Amino acid sequence: MTTRLPLAVRALMRLYPLEFRERYGRAMAAFYVERFADHRTFGARLRTWRRVLADLVIGVTLERLRGHRLDALQLASRTTPLSPEDQMSVIAQEIVHAARSLRKSLSFSAAAVLTLALGIGSTTAIFSVVESVLLAPLPFPHADRIVVPQTRNVTTGEMSWVSYADFMDWRDNKVFDQVAVYQRTEMDLTGSDEPVRVSAAAVSPQFFGALGSAPARGRVLQPTDFPVDAARAIVISDRLWRNQFGGRTDVVGLAVEVNGIKRPVVGVMPPNTRWPLEADLWVPLRFSTEQDPDLQRRDNLIFEAVARLAPGASLESTRARMALLAERAVAANPRIRKGVTTVPVPVMEWALGTTTPRALWILLGAVGLLLLIGCVNVANLQLARATARQRELAVRTALGASRLRLMRQMLIESAVLAGVGGALALALAYWMVKVIVTVAPRDVPRIDTATLNLPALGFALAISGAVALLFGLIPALHAGHADPHLALGDGGTRTSTGRRGTQIRRTLVAVELALSVILLVGAGLAIRSIAQLRRVDTGFDTRNLLTGSIALPSIRYGTRAKTVAFIHQLRDRLASQSGVEAVGISSASPLGGGGFYLGRSMVAEGRAVSNATEVPVNWNVATPGYFAALRAPILRGRDFTARDDSASTPVMIVNETFAKLMFPNDNALGKRAMSSRDEKVYREIVGIVRDVKYYGASDSPRALVWVPYAQNPWPFGIITLRTHGNPVNAIPLVRAELRAMDRGVALANVATMADAMSRSMAGDRLLAVLLAAFASLALVLAAVGIFGVLSYMIERRMHELGIRIALGAQRTDVVRLVVRETTPMVFAGLGIGLLASAGLTRFVRSMLYQVAPNDPLTFVGVAAVLALVAILAALVPTRRASRVDPITALRAD
Amino acid sequence: MKSTRSPDDLLPLKPVETLILSMLAAGDRHGYGIRQDVLDHTRGKIELEAGSLYRLIRRMEAEGLIEASVARRADDDDRRIYYHLSSFGRRVISAEMLRLRELVRLAEDRRLIARA
């Protein structure tokens, strides 16, 4: 029973008023022990934390206000018993009064409102995105019970898809409640004028059961849909139903032509209920027999899987059962299964990957800092204003205004500020979410579901509003304590209260500067990383290139010959068009441009097949002319030609990395290697091509091979077209040629290579842009802080400066004074900020491309920028100080 | 003082107070127990956290609706406070339920819902 509560919880509990703590503190502690004891997943823990912290913050605020409110009411009733109507009208009066008084000090109000709006707005926007992308549960019942079974390499930790044999083990041994495998594919909705390509999944029988999803209309796939002679039933997504079928209510039962075959629609899924996340169409995965040797092979990892934990089973118990079955598989197939196991991965973890969550947490951290800076700035502004108004309040106190009345006015003024700031923040956040959703890279899962999160807005507003109120009260408190005579008689601004206030404000500015430094360093590193990415050599010429994919329906292109003929004919027809410089077709496109490749293992001729000799490669298919179209130079050897066909010697073209890995000491050209686990045909290396960036600009070199379509005909291809002019102009031409050859083949995923290049950097760029934006805001706020403190200091010492100048002090002495005032504050902020950054940058390490987290250029640059801003912010007050006219300054008192 | 108050003075209760009082009608509960009961009976819709829960408890204690219990099991976390309904609280929650029943009947008469 001695479980320690988390520090944050204990700290917040301490903020409750003593009386409340004495009565309920221990009981609350006991409550939290149980509250924190019970969660399984990271998401659940996060949710608990969010709720508990919000509850504590709200509770503390209400409790703290409660005392005052009671005081206020009792006082009010003792002095002037006001009817509710009168009270309302007094409050209305005071709101008007507050608005008027705020308008009088317009620059202060504008600064405070903007600060609040920016801080609250950006925090809300980023949190809204985090909530929808990272935290919101998937739209399946008890989604925390869904897992993705994966194959795991024990040594490298690398995850891959699963084999059908493993799937059968899980299914037949009832490891899961329901388990299914599926394969993603693309299918063409044909039959209308322009065929449409959609993302599809061929799924095994328990697929919908494992997800637990019920159809919105009709039914999901059922066992009778799976025999190979059954009608080819399809289930469609809500999105497809609306976009392609106009939401027609009689869609269930409709026969739709898919890849040239009529298939009945049996069901429609509810909105946003998609798995895999982008799928729009589900078809039964059918086999004539599960005994097919390809399905029995344990290293044939060509299926994705999804499963629902068995009732009563935990992730851990399921992991143990899967490991046991995997061990048996190793025992039965030691050669191919050594060092391989299978594991269940929680579905959210799998869906989100690692890059997106990390980037979003970094952004959330950044806006958190910004909100903090905003709060500090508002506190600072309120303090400045407090000092400026001390005299006004003293006068009003002397004239008989009660302290209560003054406090109420200050509270209302602060509330008006927070209210206006909050309203602006709402608009800003709404707009920012929209922008982020639009410009975010498409591969961020669920980004399209991001909407403004109102609880987040409330949370941010509550925090900054509380700060505004708290510091807004200070002048009223002083006004109550301060002796009116003192305040009026002497310059109130020179009392000890004023000096203490200055000290607080200097500290606040240093804090602001430190926080800004952290943001600036983060932004600086991200920008440096982007600059490195832009300089990346992709290995080919990305200008004037158009890409677009085609898929050939098996019903009309059932044979190898027909497929090859179509692909080659299409290439030749496009090559003969005017405006086309070069053209090639391949199965996959570089820079993450999509398409298909096989992950295979290859072994050089003359070597025994083993883990040590196998080189993992990405296996692609290409036509002659493909590398010329890319302008990826063939360093040695030759391109494919029309003579490389099914009858001739099996050949392949490999990249430099392949040559280096497979034949470290030899010239690879002319050597032979085979795909050791499946094709098992020795292929001669006829060409070595320069490395190209495969998955994206930040990709590291990987071994790639290409074989000719004529020797490995895939019914799929990406057309790569090099044009003389703007590649976009060639799109109609490609469509026309395609239509002339077969009206039922769609051109999909049309993009220019420049698009692909910028898309492959979109995530990094967005991160850099947002960080830079937040850092700039932080910098502006910090500059306002410096400016405020100095202006105030000079205001306060006007008298002294006047005397000094009258006594013959030089302007430079005055400047020295200002520098002496500014330097410690700036250096403290800078120093603390740089140290903190050095500690924090390890969180961004994995997001950087060829930039060290302690990149000296960034750190020095940040220090320089900050110093410059500090000088600029100090400039105006300094000029004013050095121009103090002794006569005016002395007369002011 | 309290005995002279009529339960009707406190009506209508807030929904969450009604829930908590109903849970306590089944016997003594400590804070987290109340939370779990409410969670179960609302199918997870209402999740009370410590701060709001104990502020509610304080108010209901002040109103004399609930009282802290003295008896407890020996092996229990001694920081916990168990609460039970006071006799006044029992009258208040009964009165509230009667009030709600009237409303339900009204809804049934108006055919807003089917008769139970």
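Residues numbered from 1 in each chain as written. Chains lettered and ligands numbered in written order. Predicted model: local features only at pLDDT ≥ 70, side-chain atom pairs only at ≥ 80, totals over all residues.

## With respect to the overall build of chain A
- Secondary structure summary: chain A contains 27 helices and 22 strands in total.
- Scored against the burial criterion, the 893 residues of chain A give a buried share of 41%.
- Look at the contacts in chain A between residues 6 or more apart in sequence, and 83% of them connect residues 24 or more apart. (Helix = DSSP H or I, 4+ residues; strand = E, 2+ residues; numbered from the N terminus. Buried ≥ 20, exposed ≤ 12 C-beta atoms within 10 Å, placed from the backbone. Contact = placed C-beta atoms within 7 Å.)

## Notes on the overall build of chain B
- The number of helices and strands found in chain B is 4 helices and 3 strands.
- Reading chain B from its N terminus to its C terminus gives the helix and strand order α-β-α-α-β-β-α.
- Among the 116 residues that make up chain B, the fraction classed as buried is 28%.
- Restricting to contacts in chain B with at least 6 residues of sequence separation, those with at least 24 account for 52%.

## Some remarks on the pairing of strand E13 (residues 580-586) of chain A
Residue and element names in this part refer to chain A.
- Along E13, 5 of the 7 residues are buried, which leaves the element largely enclosed by surrounding structure.
- In this sheet, strand E21 (residues 716-723) lies alongside E13 in antiparallel orientation, the contact comprising 6 bridges. Bridge pairing in E21 links serine 586 to isoleucine 718. (Pairing = 2+ DSSP bridges.)

## Observations regarding the interface of chain B and chain A
- Opposite the 13 residues of chain B that make contact, chain A presents 17 residues.
- Going through the elements one at a time, helix H2 (31-41) and helix H3 (50-62) of chain B are the ones with two or more residues in the side of chain B that touches chain A.
- Ranked by residue count, the leading element in the side of chain B that touches chain A is H3(B), at 5 residues.
- Of the residues belonging to the side of chain B that touches chain A, the class tally is 4 nonpolar, 3 polar and 6 charged. (Nonpolar A, V, L, I, M, F, W, Y, C, P; charged D, E, K, R; others polar.)

## So, the confidence of the model for chain A
Residue and element names in this part refer to chain A.
- Per-residue confidence for chain A averages 83 on the pLDDT scale, and 90% of its residues sit at or above 70.
- Confidence drops under pLDDT 50 across residues 69-81; counting only partners more than four residues distant or on other chains, this segment forms 3 contacts.
- In this model, residues 486-497 is a region of pLDDT below 50 whose contacts with residues beyond four sequence positions or in other chains number 19 contacts. (pLDDT = per-residue confidence, 0-100.)

## A short note on the environment of Gly763(A)
- With respect to the secondary-structure elements, Gly763(A) resides in helix H23 (residues 762-796).
- Those residues in contact with Gly763(A) that sit more than four places away from it in its chain are Thr355(A), Ala359(A) and Pro441(A).

## Topic: the pairing of strand E18 (residues 672-675) of chain A
Residues and elements named next belong to chain A.
- Taken together, the 3 bridges between strand E14 (residues 598-604) and E18 define a ladder with antiparallel strand orientation. In the strand pairing of E18, methionine 602 is matched with serine 675.
- Inspection of the sheet shows E18 paired to strand E19 (residues 682-689) by 3 bridges, in the antiparallel sense. When the sheet's bridge partners are listed, alanine 673 is paired in E19 with arginine 683.
- Linking two consecutive strands that pair antiparallel, namely E18 and E19, is a turn of 6 residues; a positive phi of about 55° is found at lysine 680 within it.

## Quick word on the packing of helix H18 (residues 560-575) of chain A against helix H21 (residues 731-741) of chain A
Residues and elements named next belong to chain A.
- Where H18 meets H21, the axes come as close as 10 Å, and the angle between the chain directions of the two elements is 140°. Taken together, the axis directions place H18 and H21 in an arrangement best described as oblique. Where H18 crosses over H21, the two elements pack in a sense that is right-handed. Facing H18, whose interface residues are Phe566, Gln569, Leu570, Arg573 and Leu574, H21 presents Val734, Glu737 and Met741.
- Here the contact of H18 with H21 is built from residues that sort into 5 nonpolar, 1 polar and 2 charged. (Axes fitted to C-alpha atoms, helices over the stretch in contact; angles between N-to-C directions. Parallel < 35°, antiparallel > 145°, perpendicular 65-115°, else oblique. Left-handed = near helix turned anticlockwise from the far one by under 90°.)

## With respect to unusual backbone geometry
- That bond from Trp275(A) to Pro276(A) is cis: its omega, -5°, falls within 30 degrees of zero.
- For Pro276(A), the location among the structural elements is in the loop between strand E8 (261-268) and strand E9 (281-284).
- For the peptide bond that leads from Leu11(B) to Pro12(B), omega is -10°, which places it in the cis range.
- Inspection of the secondary structure assignment puts Pro12(B) in the segment before helix H1 (15-25).

## As for the nonpolar core
Residue and element names in this part refer to chain A.
- Leu519 and Ala778 are the most contacted members of the largest nonpolar core, which has 176 residues in total.
- Among the elements that take part in this core, helix H13 (residues 355-398) stands out by supplying 19 residues, more than any other.
- Two domains share this core, each providing at least three of its residues, namely domain 2 (84-127 + 355-531 + 764-891) and domain 4 (554-743). (Core = buried A, V, L, I, M, F, W, Y, C linked by C-beta atoms within 7 Å. Domains from an automatic or database assignment.)

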